[in-house]
Structure formats: structure tokens, C-alpha cells
Amino acid sequence: MLMESSVSAANAAKSGQPYLQIVDVVKKFGDNTVVDHVNLTINKNDIFALLGSSGSGKSTLLRMLAGMETPTSGRIILDGQDITQLPPYERPINMMFQSYALFPHMTVAQNIAFGLKQDRLPKAEIDARVEKMLDLVQMKKYAGRKPYQLSGGQQQRVALARSLAKRPKLLLLDEPLGALDKKLRQQTQLELVNLIEQVGVTCIMVTHDQEEAMTMAGRIAIMSEGQLLQVATPNEIYEYPNCRFTAEFIGETNIFEGHLAVDEPDFVEIASPDLPTPIFVAHGITGALGMQLWYSLRPERVYLSREQPTEVRNQASGVVHDIAYLGGFSIYHIKLASGKIIKASVPATQWRDEPAPTWEEPVFISWGDNDGVVLTQ
Amino acid sequence: MSQKISWFGKTSLGIGFFFLYAPIVILMIYSFNASKLVTVWGGFSTHWYGELFRDEAVMSALGLSLKVALLSSVMAVALGTIAGMVLARFGRFRGKSLFAGMITAPMVMPEVITGLSMLLLFVQMQQWFGFPEERGVLTIWVGHVTLCMAYVTVVIRSRLVEMDRSVEEAAMDLGARPMKVFFVITLPLIAPALASGFLLAFTLSLDDLVITAFLSGPGSTTLPQLIFSRVRLGLNPEINALATITVLVVGTLVIVANRVMARAEKKRRLLAA
Ligand SMILES: Nc1ncnc2c1ncn2[C@@H]1O[C@H](COP(=O)(O)OP(=O)(O)OP(=O)(O)O)[C@@H](O)[C@H]1O
Ligand SMILES: [Mg+2]
């Protein structure tokens, strides 16, 4: 298998094409546009996550890749082949369903063998591959069991083995860990990534759990109302979101609404009614004076102090409104004079020699010139 | 959780059971009556059972009824499965409600009308094509299939609708063509519904009198027809004996079927949990 895949990888590399191309794909159900002009390219052996809130069209996009739905318009190209019109049973793509969709009347081994049987492989080879898959997901002991005799985690592993058994060019995972409880989920995330990397398969997963996406995927697409808002690495998405939706969807953030007050080539100032002084940003942006802007500031970038900071810009005073104690750090909710509540994440180590600020205590917040992100939409 | 049943509940339950089962129990008791008069107890005897098995008219009517019931229920299950698939899986298509309505019409239409309209059809067909030559097993069979198929379609359709479609999609995703998916995945999963549809069709066909009356010809008398005509001539403990056997056979079948269904249901529950 490794030989096969490296050959096609070489092919893809030679022609300079990405492995999977989704070109301007639209899907409408009646008048309802569920997937809206999506363009996406994915490289070989990527682990890619589609992240978005419920109803944003993630599953529909995935189902179009699997062939369960046909795009209203647009093309899907896998490894140089246009597969837009291929029926699901002819696509070199396998999917692991959110509900696992194991065949209840077949044993674990028969479930895994099902796909191989459809290819009419010789029995000896089927047996060998099933054996290998059972080994891979550590389910050898349970080969003869029926799905209803397995726990949720075990069912998930069988479903994964079944979708990997045919050595697909593309593996699709719809909420792969959605049915597991939180503890098992975190443990399984890394296991799953290791397995996928070990097998060396290109993988697209759908999730609405941002932690899961950040842990597992090399690249993430943020999807909202059928459109891809941003496609980038977990780090880029978190540090440099390109719109308010992404900034607020991934992690916690404080958003200040304002307008461009000073526009210089190497710095700008944003005047916000929420703050007493304009926000100073130590780089230029492209935009007209007076245009509406948003400034996103992550809680861990907000510095909390009792004394007024010496730096005059990028600070504000307020009182402690609420404290969420989380052990290693606490989230302070600071109420500014304007009434706006700012979240600040404060490490426990900051208060070594003095007691931590408490409710209603006056405090100052401050941040660096490059700590936040200017958003234009 | 054990709940105390109030005296009112107990009484209503008792009355309910009495009305349901007392006639049957009386019927069974009188089948062991030595007297020829149904309403006069003349001592215990199994005489009428022997009489029943020697009665050739009853035996051939029973044979015909079983044959018709078996043939009709097999055909009704086959057609009902196809119709159920079309209604549950093919999405929306032109004339779908008309199709659904036509298929389930025999359930709501008075049987007299179903029987009469089919009789007219067969008479007309005979005039035009010379087929079917006469009314008999074939015409009864067609009539029963029409009736039973309506019920089977409803049973199978509702099972298909509540079934998790992703199991079928997974099979297709793994390379099975739609036909194969149907035979290897869908059919085994709806097997309990097929079985209950079959039993339903079998009993419906076995005790149908009205449609049969319109569609049967000379020499094709089913058991319900025979019983009906005999009873009109006067009650006879032999019929009681026949009824007792029927009740026992049907009762056993129902219990077995319930057991099988309950086991299948339990497995499904476990998997869903
Ligand atoms: N077969 C269908 N017919 C009509 N509308 C549909 C169909 N499938 C999905 N939709 C609609 O498309 C929208 C997107 O659905 P989709 O299942 O892709 O969302 P999702 O992003 O996967 O959400 P979730 O996180 O809840 O799974 C929903 O509003 C849904 O109602
Ligand atoms: Mg979904």
C-alpha cells in the first residue's frame, strides 16, 4: 500500500496538483443554499478539519465528497480524477459515520471484511487484511462479537477499521468522537491521529469541537452558513483570525468595536467608545480613515495589575466584576467605566507576594501594541 | 416497580377479559360435548374431533384455505416489500401520494366493494381476453394478495422509515451496489418486519370471507365459507372442535412470533444504547 500511495503522491507532485480539489461547489436543498461556493484544496496525507456550528453544512460537504449527495454545481477532483458524478460505490473514498453505522447482523470481523468482499479479493487476502486491521485497532479479542456487544469506544474503533480496510485514497470522518464521553474523547483524539498517520491516509474530519480540531488537524477550515470563512493552521486561526466569527468561534476573546481614528504607515489608532483612550496598534493597515473596525484581544493577552501601568497607551481602569477560579489560572471579568466587561486570564503565579484582587476591587488592565488583531469584518 | 391495582382497575380488567375470552372458552368446552345439541351438555367426549377429521369437505376446504393463505402471504410480502421500499426510500416523485393511496386503499375500503369491483374486473377480462376462464383459486389468490399487500406495505414501510439510513449508506460507501445493499443489508435488518407482515397476511387471508365470496367459483370453497354455510344450517359441535383447534394453533403462532420479535427488538435496543 505504501508503494501505491507513494507512486500516486509522486504523480500529484509531478503535475504540481494538490491531492483533493473542491472547485466552486454549491449545494442547494430546494431554495436553501447549504453549501455556498466552496473552494478548497487538500494535500496528500493532510489531516484536515472542517469546523463550524450546527447546521453550517459540514456534513453536507462531507457527504458530497463521499457521493451520498450530488453537488448542485461545481467539481470535485481527487488525485487528478474528476469524481463529481461517480456513485459512492465507485469512489476510492471511505467514510466513518457519526453513528458508526456498523452492520448489526454481522460480527466485527465480517463488518471489516465487508468492503474487501465487494472488491472480490481472494479469501486469504481478505482474512489477512482483516487480521491486520483488527491488530491495528486492538480489537482482535472481539473479532467474533456482534456490534451490540461492544462499548461505544470499541464500536468507534471497529468503524474506523472498517473504513480503513479498503485503503481509501481519502478518509472521511463525520464527528468521529461525537458519541464518546469527554474523558474517552480526549484520550482517543491522539490515538486516532497516530493511527491515521501510521496508515498514511489523507483525511478530512468534521467536528464542532474546536479543541478536537486543534488537537488533531494540521489545517482547519472554519465554516459558517455554508461558506468557508478561513482556512489555515490551528496556530494561525487562533492568533490571526480574519473575521469576528472566527475570532469568537475559536477560543475566548474580547471584541472592541470602533473606527479608524489615526492612519499612519507604521501605526494606527482605533477609537472605541468602550475605552477611554484609543487603541494603539504598532503596524499599518489598509483602510480609509473613519472606517468601522473591530479589535480582538484574547484574555491571556490582557495584563491585570493594581498599580496604574507606566505606559500611557493601551490601558484602562475598572473593577473586578467576577472571578472564575480554574486552578492554574483564573478568568477575571473586569467592568470598565464604559460598562463593558473584559475577560482577563491571569496565571496563579502572578500573585506570589500579595493576595489576588477580589470582587469589586479597582484594578487596571493593559496590553501590548501587538497583542490584539484588527478585524475589518 | 410494582403498582397496586385498585379494585376498580381489577374489576374493569376482569370484565374486559370476560368479554374477550368467555365466548372462546365456552366454545372450547362445548367442543367436548357428547351431545349433538350444541347448547345441551351431554357429558365429555372427543367424538366430534374424530368426526371432524373424517369429514372430507372440511379437510379439503382447510387444505385450500392453507394453500391460498400461503401463496397470498408470500406474494403479499414480496410486493409489499417493494412497495414499502419505493415509498420509504425513493424520496418524492410524481404521483407518490396517489401510489400510496392506491396501495393502502383495500385497508379502508369496505371489503364488499373491493370484492365486487374485482369480480367485475375478472368478468370483464374474461369477456375480452378469455382469461381467467373461471373463478377459482387464481382469482381468490389475486384478491387476497391485493388485500394483504396493503397491510404488509404499511408494516414494512414504517420499519424502513425508522431504520437508520446510514447503515445502508455505509454499505454503499464500502462498494456495494444498491441491489446488493438491499439484499445483504436492508433485508436482513427488516427481517422481523417481514415475518410479522407474513403472519399478518396469512391470518388475514385465512379468515377472509367477503372477498372470497365474490371471487370463488364452484369447487373452490375455503374454510370460512364452509363454516359459514354449515352454521347457517344449524350449529354443530364439529364446528366447535374445528374452532378450538384453530384457536390453539393461532395462539401458539402468535406467542412464538411475539417471542421472536421481542428478541430482535432487544438486540436493536442494545445497539442503539
Ligand atoms: N437532505 C436534506 N434536505 C433538506 N435539507 C437538508 C438536508 N440535509 C441537510 N439539510 C439542511 O442543511 C443544513 C446543513 O446541514 P448539515 O447536516 O450539513 O449541517 P452540519 O454542519 O453537519 O451540522 P451538525 O453539526 O449539526 O451536524 C441544515 O440546515 C439542514 O437542515
Ligand atoms: Mg453534521
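Keep in mind the model is a prediction, meaning the values are calculated, not measured.

Regarding the overall build of chain A
A count of helical and extended segments in chain A gives nine helices and 20 strands. With the C-alpha coordinates of chain A rotated into their principal frame, the extents come out at 75 × 45 × 40 Å. The buried share of chain A, taken over its 377 residues, is 49%. Look at the contacts in chain A between residues 6 or more apart in sequence, and 66% of them connect residues 24 or more apart. Taken as a whole, chain A presents about 17400 Å² of accessible surface, with 50% of it coming from carbon and sulfur. Where the 35 positive side-chain charges of chain A centre and where its 43 negative ones centre are 13 Å apart.

Observations concerning the interface of chain B and chain A
Listed by partner, the interface residues are 21 residues for chain B and 25 residues for chain A. Taken together, the connections running from chain B to chain A amount to two salt bridges. Between Arg-177 of chain B and Glu-90 of chain A there is a salt bridge whose closest N-O contact spans 3.2 Å. One can count nine residue pairs in polar contact (both at pLDDT 80 or more) joining chain B with chain A. For the side of chain B that touches chain A, the elements supplying multiple residues, two or more each, are helix H7 (165-173), helix H8 (178-189) and helix H12 (237-272) of chain B. Taken together, the residues of the side of chain B that touches chain A sort by class into 13 nonpolar, two polar and six charged.

Structural notes on the site of ligand 1
Residues and elements named next belong to chain A. Taken together, Phe-29, Val-34, Ser-53, Ser-54, Gly-55, Ser-56, Gly-57, Lys-58, Ser-59, Thr-60, Glu-175 and His-208 make up the full set of residues adjacent to ligand 1. At a separation of 2.8 Å, an oxygen atom of ligand 1 approaches a polar backbone atom of Gly-55. Between Lys-58 and ligand 1, the recorded distance is 2.7 Å, taken from a side-chain N or O atom to an oxygen atom. Coverage of ligand 1 by the protein chains reaches 59% of its 640 Å² of free accessible surface. Sorting elements by how many residues they give to the shell around ligand 1 places helix H2 (residues 58-66) first, with three residues. Across the shell around ligand 1, the residue classes break down as two nonpolar, eight polar and two charged.

Section: the sheet that holds strand E20 (residues 373-375) of chain A
All names here are of chain A. Judged by pairing direction, the sheet is antiparallel, and its five strands sit side by side in the order E13-E12-E11-E14-E20 without closing on themselves. The open sheet has two edge strands with one neighbour each: strand E13 (279-281) and E20. Taking each pair of neighbouring strands and ignoring which way they run, the sheet shows an average axis angle of 40°. As paired strands, strand E11 (residues 254-263) and strand E12 (residues 268-271) are joined by four bridges and run antiparallel to one another. Across the sheet, the residue bridging to Asp-263 is Val-268, located in E12.

Brief notes about empty space enclosed by the protein
Residue and element names in this part refer to chain A. According to the stated counting rule, one finds one cavity of 30 Å³ or more in the structure shown. Approximately 50 Å³ is the volume attributed to the largest cavity. In terms of lining, the largest cavity is formed by Gln-156, Arg-157, Leu-160, Thr-188, Glu-191, Leu-192 and Leu-195. Here the lining of the largest cavity gets four residues from one element, more than from any other, and that element is helix H6 (residues 182-199). Broken down by class, the residue content of the lining of the largest cavity amounts to three nonpolar, two polar and two charged.

Focus on the confidence of the model for chain A
For chain A, per-residue confidence averages 86 on the pLDDT scale, and 95% of positions sit at 70 or higher. Across residues 1-15 of chain A the pLDDT falls below 50, and counting only partners more than four positions away or on other chains, this stretch makes eight contacts in the model.

Some points on a nonpolar patch on the surface
Residue and element names in this part refer to chain B. A cluster of nonpolar side chains, contributed by Leu-13, Phe-17, Leu-20, Tyr-21, Ile-24, Val-25, Ile-29, Trp-41, Phe-44 and Val-247, occupies part of the molecular surface with about 970 Å² of accessible area. If one sorts the elements of the nonpolar patch by residue count, helix H1 (residues 7-30) sits on top with seven residues. For Leu-20, the position within the fold is in helix H1. Note on Leu-20: relative accessible area 56%, which makes it exposed.

Overview of the layout of surface pockets
Residues and elements named next belong to chain B. In this structure, the second largest pocket encloses a volume near 850 Å³. Taken together, 34 residues make up the lining of the second largest pocket; nearest its centre are Leu-206, Leu-223, Thr-246, Val-247 and Val-250. At 13 residues, H12 tops the list of elements feeding residues into the lining of the second largest pocket.

Remarks on the packing of aromatic side chains
Residues and elements named next belong to chain B. Going through the model one piece at a time under the given rule, you end up with 13 aromatic pairs over all chains. Here Phe-17 and Tyr-21 contribute two aromatic rings whose centre-to-centre distance is 5.9 Å and whose plane-to-plane angle is 25°, an arrangement assigned as stacked. Placement of the pair is Phe-17 and Tyr-21 together in helix H1, with a separation of four residues, close to one helical turn. Assessed through its relative accessible area of 46%, Phe-17 is described here as partly exposed. Judged by its relative accessible area of 43%, Tyr-21 is partly exposed. For the pair Tyr-30 and Trp-41, a centre-to-centre distance of 5.9 Å together with 80° between the ring planes defines the contact as edge-to-face. A residue pair is termed long-range when its members are at least 10 positions apart, and Tyr-30 in helix H1 and Trp-41 in the loop between H1 and helix H2 (47-54) qualify at 11 residues. We classify Trp-41 as partly exposed; its relative accessible area is 42%. Here the aromatic cluster, defined as three or more aromatic residues joined through ring pairs, consists of Phe-32, Phe-44 and Tyr-49.

Concerning the nonpolar core
Judged by nonpolar contacts, the single largest core of 57 residues is most densely connected at Leu-20, Phe-103, Leu-172 and Ile-204 of chain A together with Ile-185 of chain B. Among all residues touching Ile-204 of chain A, those that are not within four sequence positions of it are Leu-20, Ile-42, Phe-48, Leu-50, Leu-62, Leu-65, Leu-170, Leu-171, Leu-172 and Leu-173 of chain A. Judged by nonpolar contacts, the second largest core, of 46 residues, contains Tyr-100, Cys-203, Met-205 and Ile-250 of chain A.

Concerning the side chain of Ser-216 of chain B
All names here are of chain B. Relative to the helices and strands, Ser-216 is located in the loop between helix H10 (210-215) and helix H11 (223-233). The class for Ser-216 is buried, based on a relative accessible area of 11%. When neighbours within four sequence positions are excluded, Ser-216 is seen to be in contact with Arg-135, Ile-140 and Gln-225.

A word on the pattern of salt bridges
Where charged atoms from two side chains of opposite charge approach closely, those side chains can pair. Under the counting rule described, the total for this entry stands at 25 salt bridges over all chains. The partner of Arg-230 of chain B in a salt bridge is Glu-238 of chain B, and the shortest N-O contact between them spans 3.6 Å. It is possible to trace a salt-bridge network through shared partners that takes in Arg-63 and Glu-69 of chain A together with Glu-169 of chain B.

Some remarks on the pairing of strand E3 (residues 47-52) of chain A
Residue and element names in this part refer to chain A. Buried residues dominate E3, accounting for six of its six residues. With burial as the criterion, each face of E3 is covered, one bearing Ile-47, Ala-49 and Leu-51 and the other bearing Phe-48, Leu-50 and Gly-52. Bridge analysis of E3 against strand E8 (residues 202-207) gives five bridges, and the strand direction is parallel. When the sheet's bridge partners are listed, Ile-47 is paired in E8 with Cys-203. Bridge count for E3 against strand E9 (residues 219-224) is five bridges, and the pairing is parallel. Its bridge partner being in E9, Leu-51 is matched across the sheet by Ile-222.

About the thresholds
- Residues numbered from 1 in each chain as written.
- Chains lettered and ligands numbered in written order.
- Predicted model: local features only at pLDDT ≥ 70, side-chain atom pairs only at ≥ 80, totals over all residues.
- Heavy atoms only, no water.
- Helix = DSSP H or I, 4+ residues; strand = E, 2+ residues; numbered from the N terminus.
- Buried < 20%, exposed > 50% of the residue type's maximum accessible area, 1.4 Å probe, protein only.
- Contact = heavy atoms within 4.5 Å.
- Areas by Shrake-Rupley, 256 points an atom, 1.4 Å probe, with all protein chains shown as cover.
- Lys, Arg positive; Asp, Glu negative; His and termini not counted.
- Charge placed at Lys NZ, Arg CZ, Asp CG, Glu CD.
- Salt bridge = Lys/Arg side-chain N within 4 Å of Asp/Glu carboxyl O.
- Polar contact = N/O pair within 3.5 Å; in protein donor to acceptor, adjacent residues only side chain to side chain.
- Nonpolar A, V, L, I, M, F, W, Y, C, P; charged D, E, K, R; others polar.
- Near = heavy atom within 4 Å.
- Pairing = 2+ DSSP bridges.
- Axes fitted to C-alpha atoms, helices over the stretch in contact; angles between N-to-C directions.
- 1 Å grid on protein atoms, 1.4 Å probe; cavity = no way out; pocket = protein on both sides within 12 Å on 5 of 7 lines; lining within 4 Å.
- Points joined across faces, edges and corners; volume = space filled by probe spheres on them.
- pLDDT = per-residue confidence, 0-100.
- Patch = residues over 30% accessible without salt bridge, like charges linked within 9 Å, V, L, I, M, F, W, Y side chains within 5 Å.
- Phe/Tyr/Trp six-rings, centres within 6.5 Å; stacked < 30°, edge-to-face > 60°.
- Core = buried A, V, L, I, M, F, W, Y, C linked by side-chain atoms within 4.5 Å.

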